[in-house]
Amino acid sequence: AQTVTQSQPEMSVQEAETVTLSCTYDTSESDYYLFWYKQPPSRQMILVIRQEAYKQQNATENRFSVNFQKAAKSFSLKISDSQLGDAAMYFCAYRWAGGGADGLTFGKGTHLIIQP
Amino acid sequence: EPEVTQTPSHQVTQMGQEVILRCVPISNHLYFYWYRQILGQKVEFLVSFYNNEISEKSEIFDDQFSVERPDGSNFTLKIRSTKLEDSAMYFCASRAGTDFSSYEQYFGPGTRLTVT
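Residues numbered from 1 in each chain as written. Chains lettered and ligands numbered in written order. Predicted model: local features only at pLDDT ≥ 70, side-chain atom pairs only at ≥ 80, totals over all residues. Heavy atoms only, no water.

Caption draft 1: Representation of the pattern of salt bridges in the model. Inspection of the entire model under this criterion finds five salt bridges over all chains. Asp86(A) is paired through a salt bridge with Arg63(A); the nearest N and O atoms lie 2.8 Å apart. With Asp86(A) in the loop between strand E9 (74-79) and strand E10 (88-96) and Arg63(A) in the loop between strand E7 (60-61) and strand E8 (64-69), this pair connects stretches of sequence that are 23 residues apart. The salt bridge partner of Arg95(B) is Asp102(A), with a shortest N-O separation of 2.9 Å. Of this pair, Arg95(B) sits in strand E9 (residues 88-95) while Asp102(A) sits in the loop between E10 and strand E11 (105-106), each in a different chain. Judged by relative accessible area, which is 0%, Arg95(B) ranks as buried. Asp102(A) gets classed as buried once you look at its relative accessible area, which sits at 2%. (Salt bridge = Lys/Arg side-chain N within 4 Å of Asp/Glu carboxyl O. Helix = DSSP H or I, 4+ residues; strand = E, 2+ residues; numbered from the N terminus. Buried < 20%, exposed > 50% of the residue type's maximum accessible area, 1.4 Å probe, protein only.)

In structure tokens form, the structure reads like this:
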């Protein structure tokens, strides 16, 4: 079974600084997707960024980028120029790319605090 | 922007009672999901639903659980006889597309279920 581990329950960063959230996963599959979801307080989860395992290039979305290390099974999220609106729970998630089984496997989440 | 909605936001029920949690997925989406998050733990996949049938379910989704799409808009999760350990936040999600290239799942705000 796949597992996703986020080893940082909480991270704190000064506004405008850069922060990196860690995620490791375990799978025997070679083709899969990885995601970072953001959940602001009392709001629904929204997708921040996604990575296909077959792509070597790291995904980027504006201030958000990932460091995907397939051999190490590591998928970290870097947030540059942190803003107060980035404060939220961040969840790393995995999904096998095969047909039918598309339920996401989540990590426990990292609570990101932005210090003004 | 279209959103997944869930009702109620908070449901309190007594052990042994039946509960129905309701979700309205995004209107043109074809894949529907339920997840739960017990306080302090990971978000866990329960079930996925496509073309009016379950496409995948986890070990958690036992005979006490059922899902239904009773009309063209609602997607429900029924727990037949609630237990104390069913207390959790339940999230509904939906996804567009007929192939796995459209892989983003859109989440609702959740229903907090408290079993007393």
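Caption draft 2: Quick peek at the side chain of Lys38(A). Residue and element names in this part refer to chain A. Within the element layout of this structure, Lys38 appears in strand E5 (residues 32-39). Buried within the structure, Lys38 lacks any salt-bridge partner; Asp86 is the closest side chain of opposite charge, at an N-O distance of 4.4 Å. From its side chain, Lys38 meets the backbone oxygen of Gly85 in a polar contact 2.8 Å long. For Lys38, the residues in contact, after removing those within four places along its chain, are Gln44, Met45, Ile46, Val48, Gly85, Asp86, Ala88, Met89 and Tyr90. (Lys, Arg positive; Asp, Glu negative; His and termini not counted. Polar contact = N/O pair within 3.5 Å; in protein donor to acceptor, adjacent residues only side chain to side chain. Contact = heavy atoms within 4.5 Å.)

Caption draft 3: Highlighting the nonpolar core. Residues and elements named next belong to chain A. Core analysis: the biggest nonpolar cluster contains 25 residues, and Tyr25, Trp36, Ile49, Phe75, Leu77, Tyr90 and Leu112 have the highest contact counts within it. Taken together, the elements giving at least two residues each to this core come down to strand E3 (19-21), E5, strand E6 (46-52), E8, E9, E10 and strand E12 (110-115). Broken down by element, the residue count for this core peaks at four residues, all from E10. If near-sequence neighbours (up to four positions away) are discounted, Ile49 is found in contact with Leu34, Phe35, Trp36, Ala59, Thr60, Glu61, Phe64, Ser65, Val66 and Leu77. (Core = buried A, V, L, I, M, F, W, Y, C linked by side-chain atoms within 4.5 Å.)

Caption draft 4: Fine view of the sheet that holds strand E8 (residues 75-79) of chain B. Residues and elements named next belong to chain B. Across the sheet, four strands lie side by side as E1-E3-E8-E7; this open sheet has antiparallel pairing. Only two strands of the sheet have a single neighbouring strand rather than two, namely strand E1 (5-7) and strand E7 (65-68). For this sheet, the mean inter-axis angle between neighbouring strands, taken without regard to orientation, is 20°. (Pairing = 2+ DSSP bridges. Axes fitted to C-alpha atoms, helices over the stretch in contact; angles between N-to-C directions.)

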